[in-house]
Amino acid sequence: MNESFSMNRFWLLVRRQWSENKKVYLLQWIVISLFVMLLQFFNRIDEPYIFYLLLFCLGGCAVVTTLFSRWTDKGRSSLYLLLPATVSEKFLCALFYGVLLFIPVFCLNYFFFRYIFTYLLIMLFPNNLVSFTGMVSGGIHEVINTPLSNFLVFFLMFLFIQSIFIIIFIRFRRYQALICLITIMAILIIYNYGMGTFVRHLVKDFAGSIRAPGLFLTFFSSDFWYQEFKSFNGEHFSFTRLIWILNDLAWFIVFCILYLAAGYKLREREI
Amino acid sequence: MITINDLTFWYSKQNKVFWNLGLELEAGHIYGLLGKNGAGKTTLLKLICGLSFPKSGKVEVDGQIPGKRSAVFLENLFFVPEEVSLPSMSPEKFARTYGDFYPAFNAGQFKEYLEKLEVSQSVNFNRMSHGQKRKALIAFALAANTRFLFLDEPTNGFDIPSKAAFRSLLASAFSEEKTIILSTHMVRDLESMIDRVLILENHRIIQNNEADQNLEDLFNASVNPAVTSPAFTGH
């Protein structure tokens, strides 16, 4: 038997996780679906994607809380830590539910509730103007025409938040959500400020004029919005494709390291 | 065999739990781990299980380091903590979910032990009392047939018939290749089961003897000589 990883033990862990938490997962699925529907029906917001992104990241975090949030419950946590499986198997089980299964389920759920379920609801009303095929093909068209960079922003933001979330939930016993929120906010503010300063110098060099740091950075994308020093007209700055790819690749490597660090923290976890 | 060498452990540096503790425990015995509240009984069990790590010194269980929590090591060990908390499922389902992790787990034995301890197989743990849950977990622990079995205050919350049933089950499940440690402050409940006694006091083991005399007297004599009973002192 392979000591560090056994497929049999891994599937036993997956089965155990499902048996113990299927009701929680069902509840989380219902809550996420309700939010997708609410956003669909009250979509008067100009940029609804930020809410979908938030829902995506929070949902991914909620799925892994079933594994790492019970350290104050000594009975449950000792049962989990002393379960005959290696730390790698236990951690991969968390990633199986939190990443591998959650992402496709969320995407299918999003598509179903945003397009198909919405159509079925519209059908209830007389004189509806939208056809089923129109609704679904519109959805497919929207997905196909979404630039890859948008998907990357979603995916990298998800990895960023979830990896930090897991580390904090394994490391701390109490106030984990609060510590997580503060940490993520601090990293985003520092990153935004750093990138703002960096872009200001770039713009100064290129344009020969001094500009103030931008207020809004689209994380993990090639876009950076900045403002001119005296006017409030937003201007758009784009990195070259190569810089953007290297930036995203670097972040992806950082997130992989964060996940590995989370696995290491689980190895060190004491009761 | 469990070997502990120069073990030092603390939760806060000012308040050490163990200081250069040394101990050897052999297979084929039921050890009674006795000590006053806060002496470190549960902590010692956690260190042997790998739930806590020594600050210095070494703990080895059959040559393995518990802190590494390797699967092979964990397959041979079961720890029943004092604070039992179980998932929302019936014992029957619990056995199906957790039993496969333990190669020597015997579902028939589990069913038999549950019957003897008068715990229903089909009632959800959420609807059981603390004592019932503890009994179900002990039944599982015995049916897992692990070589190392550690029970922390096992009879807490048991009524008198359950204590008798537990003693009978433990005796029937015990074999020469097993090492069982019972941590308790209720010496009388388990006196008849224990064949070696370990008494923890002042950060170290002060007694590691065969349990050939009244354990309660031995315990009182060891941790508080002023209240030694006549039976122990021979008066």
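Since we're looking at a predicted model, the values are computed, not measured.

Asker: Describe the overall build of chain B, listing the residues and the values that go with them.
Answerer: Helix and strand content of chain B: 9 helices and 9 strands. Taken across its 235 residues, chain B has 55% of its residues classed as buried. For chain B, contacts bridging at least 24 residues in sequence account for 66% of all contacts bridging at least 6. Entry remark: accessible area of chain B is about 9800 Å², with carbon and sulfur atoms responsible for 45%.

Asker: Could you give me a rundown of the confidence of the model for chain B, with the residues and numbers involved?
Answerer: Chain-level pLDDT for chain B is 87 on average; 89% of the residues reach the 70-or-more range. Here the prediction assigns the complex a pTM of 0.85, and the interface score ipTM is 0.89.

Asker: Let's hear about unusual backbone geometry: which residues, and what values?
Answerer: All names here are of chain B. Its identity as a non-glycine residue notwithstanding, N20 has a phi of 50°, on the positive side. Of note, N20 is situated in strand 2 (residues 15-25). The class of N20 is partly exposed, set by a relative accessible area of 41%. If you check the backbone angles, R69 has positive phi at about 50° while not being a glycine. Secondary-structure assignment places R69 in the loop between strand 4 (56-61) and helix 2 (71-75). We classify R69 as buried; its relative accessible area is 2%.

Asker: Any details on the sheet that holds strand 8 (residues 196-201) of chain B? Residues and values, ideally.
Answerer: All names here are of chain B. Read from one edge to the other, the open sheet built from 6 strands follows the order 5-6-7-3-8-9, with strand pairing classed as mixed. Across the chains shown, the open sheet's two edge strands, defined by having one partner strand only, are strand 5 (77-80) and strand 9 (204-210). Taken over all neighbouring pairs, the strand axes of this sheet differ in orientation by 15° on average, direction set aside. Across the face of the sheet, helix 1 (residues 41-49) comes into contact with strand 3 (29-35), strand 5, strand 6 (148-152), strand 7 (179-184), strand 8 and strand 9 while running at roughly 155° to strand 6.

Asker: Run through the packing of helix 4 (residues 87-123) of chain A against helix 5 (residues 132-145) of chain A, naming residues and quoting values.
Answerer: Residue and element names in this part refer to chain A. Contact geometry for helix 4 and helix 5: axes closest at 9 Å, N-to-C directions at 160°. Judged by the angle between their axes, helix 4 and helix 5 are roughly antiparallel. You can see that helix 4 and helix 5 cross each other, and the crossing is right-handed. In this structure, helix 4 uses Y110, F111, R114, Y115, I116, T118, Y119 and I122 to contact helix 5, whose residues at the interface are F132, M135, V136, G139, I140, E142 and V143.

Asker: So, helix 8 (residues 241-268) of chain A: which residues are in play, and what are the values?
Answerer: For helix 8 of chain A, with 28 residues, the first-to-last C-alpha span of 41 Å sits near the 40 Å given by 1.5 Å per residue. Those residues of helix 8 of chain A that sit buried are W244, D248, W251, F255, Y259, A262, G263 and L266 of chain A.

Asker: Can you break down the interface of chain A and chain B residue by residue, with the values?
Answerer: Opposite the 30 residues of chain A that make contact, chain B presents 30 residues. For the pair chain A and chain B, the two sides together bury roughly 2700 Å², of which 58% comes from carbon and sulfur. Per-residue buried area on chain A facing chain B is highest for L79, L82 and P84 of chain A; these three make up 25% of the total on that side. Counting the contacts that link chain A with chain B gives 1 salt bridge. Of the charged contacts in the structure, one is a salt bridge between R15 of chain A and D100 of chain B, with a shortest N-O distance of 3.1 Å. Here chain A and chain B share 11 residue pairs in polar contact (both at pLDDT 80 or more) between them. Elements supplying a minimum of two residues to the side of chain A that touches chain B: helix 1 (7-41), helix 3 (74-81) and helix 8 of chain A. A per-element tally of the side of chain A that touches chain B places helix 1 of chain A first, with 8 residues. Of the residues in the side of chain A that touches chain B, the class split is 11 nonpolar, 5 polar and 14 charged.

Asker: Can you tell me about the packing of aromatic side chains, naming the residues and giving the values?
Answerer: Throughout the structure, instances matching the rule amount to 35 aromatic pairs over all chains. Taking 6.5 Å as the distance between ring centres and 40° as the angle between the ring planes, the aromatic pair formed by F148 of chain B and F150 of chain B counts as tilted. Comparing F148 of chain B with F150 of chain B shows no difference in burial state: the two are buried. Over the ring of Y80 of chain A we find K90 of chain A, and its NZ or CZ is 5.5 Å from the ring centre.

Asker: Residues and numbers for the packing of helix 2 (residues 49-68) of chain A against helix 6 (residues 148-171) of chain A, please.
Answerer: All names here are of chain A. For the pair helix 2 and helix 6, the least separation of the axes is 9 Å and the interaxial angle reads 30°. Taken together, the axes of helix 2 and helix 6 lie roughly parallel to each other. Two packed elements cross with a definite hand, and for helix 2 against helix 6 that hand is right-handed. Contact residues: helix 2 offers Y49, Y52, L53, F56, C57, G60, C61, V64, T65 and F68, while helix 6 offers F154, M157, F158, I161, Q162, F165, I166, F169 and I170. In terms of residue class, the contact of helix 2 with helix 6 is built from 16 nonpolar, 3 polar and no charged.

Asker: Can you tell me about empty space enclosed by the protein, naming the residues and giving the values?
Answerer: With the rule as written, the count across this model stands at 3 cavities of 30 Å³ or more. Its volume calculated, the largest cavity comes out at about 140 Å³. Along the walls of the largest cavity sit 15 residues, with T66, L67, R70, R76 and Y80 of chain A positioned nearest its centre. Breaking the lining of the largest cavity down by element, the ones donating at least two residues are helix 1, helix 2 and helix 3 of chain A. Of the residues assigned to the lining of the largest cavity, the class counts are 6 nonpolar, 5 polar and 4 charged. When its volume is computed, the second largest cavity comes out at roughly 60 Å³. Every residue lining the second largest cavity is listed: S78, L79 and L82 of chain A together with L77, F78, F79, P81 and Y102 of chain B. Listing elements by their share of the lining of the second largest cavity, those giving two or more residues are helix 3 of chain A together with strand 5 of chain B. With 3 residues, the single largest contributor to the lining of the second largest cavity is strand 5 of chain B. Grouping the constituent residues of the lining of the second largest cavity by class yields 7 nonpolar, 1 polar and no charged.

Asker: Account for the sheet that holds strand 2 of chain B, naming residues and giving values.
Answerer: Sheet strands associate in pairs through backbone hydrogen bonding, adopting either a parallel or an antiparallel arrangement. All names here are of chain B. One open sheet holds the 3 strands; their spatial order is 2-1-4, and the pairing between them is antiparallel. Unpaired on one side and paired on the other, strand 2 and strand 4 mark the two borders of the sheet. Between one strand and the next, the sheet's axes are offset by a mean angle of 30°, whatever the strand orientation. Each of strand 1 (2-12), strand 2 and strand 4 is contacted by helix 1, which is oriented at about 120° to strand 1, the strand it contacts most.

Calculation notes
Counting from 1, residues in each chain are numbered in the order their sequence is written. Whichever chain is written first becomes A and whichever ligand is written first becomes 1, with later ones labelled in order. Where local features are concerned, this predicted model is filtered to residues with pLDDT of at least 70; where side-chain atom pairs are given and counted, the filter is 80 or more; whole-chain, interface and lining totals use all residues. Each side-chain value is worked out from all heavy atoms of the structure, with water and hydrogens disregarded. Going along the chain from the N terminus, every DSSP run of H or I of four or more residues is numbered as a helix, and every run of E of two or more is numbered as a strand. Three labels apply to residues, based on accessible area from a 1.4 Å probe with only protein chains included: buried if under 20% of the type maximum, exposed if over 50%, partly exposed otherwise in between. Any two residues whose heavy atoms approach within 4.5 Å at even a single point are treated as in contact. Note on areas: Shrake-Rupley with a 1.4 Å probe; residue coverage comes only from the protein chains shown. Per-residue confidence from the prediction method is given by pLDDT, with values spanning 0 to 100. In this analysis, strands are considered paired if DSSP registers two or more bridges between them. Here the axes come from fitting lines to C-alpha atoms, over the contacting stretch only for helices, and the angles between their N-to-C directions go from 0 to 180 degrees. For this classification, under 35 degrees means roughly parallel, over 145 means roughly antiparallel, 65 to 115 means roughly perpendicular, and everything else is oblique. Left-handed describes a crossing in which the near helix is turned anticlockwise from the far one by less than a right angle; the clockwise case is right-handed. The span expected for a helix works out to 1.5 Å for each residue beyond the first. The term buried area means the drop in 1.4 Å probe accessible area that two parts suffer when joined, counted for both and summed. The salt bridge definition used is simple: a Lys or Arg side-chain nitrogen within 4 Å of an Asp or Glu carboxyl oxygen. Identification of polar contacts relies on pairs of N or O atoms within 3.5 Å, with a donor-acceptor requirement for protein atoms, meaning one able to donate a hydrogen and the other able to accept it, and with residues adjacent in sequence counted only if both atoms are side-chain atoms. Just so you know the grouping, Ala, Val, Leu, Ile, Met, Phe, Trp, Tyr, Cys and Pro go in nonpolar, Asp, Glu, Lys and Arg go in charged, and all remaining residues, Gly too, go in polar. Stacked, tilted and edge-to-face are the three classes applied to pairs of Phe, Tyr and Trp rings, where Trp contributes its six-membered ring and a pair requires centres within 6.5 Å; stacked means planes under 30 degrees apart, edge-to-face means over 60, and tilted covers the rest. Lysine and arginine charges are scored as sitting over a ring when NZ or CZ, respectively, is within 6 Å of the ring centre and within 35 degrees of the ring normal. Definitions used throughout: a 1 Å grid over protein atoms alone; a cavity as a set of points that fits a 1.4 Å probe which cannot get out; a pocket as an open set with protein on both sides within 12 Å along at least five of seven lines; a lining residue as one with an atom within 4 Å of a point. Grid points are joined across faces, edges and corners, and a volume is the space filled by probe spheres set on the points.

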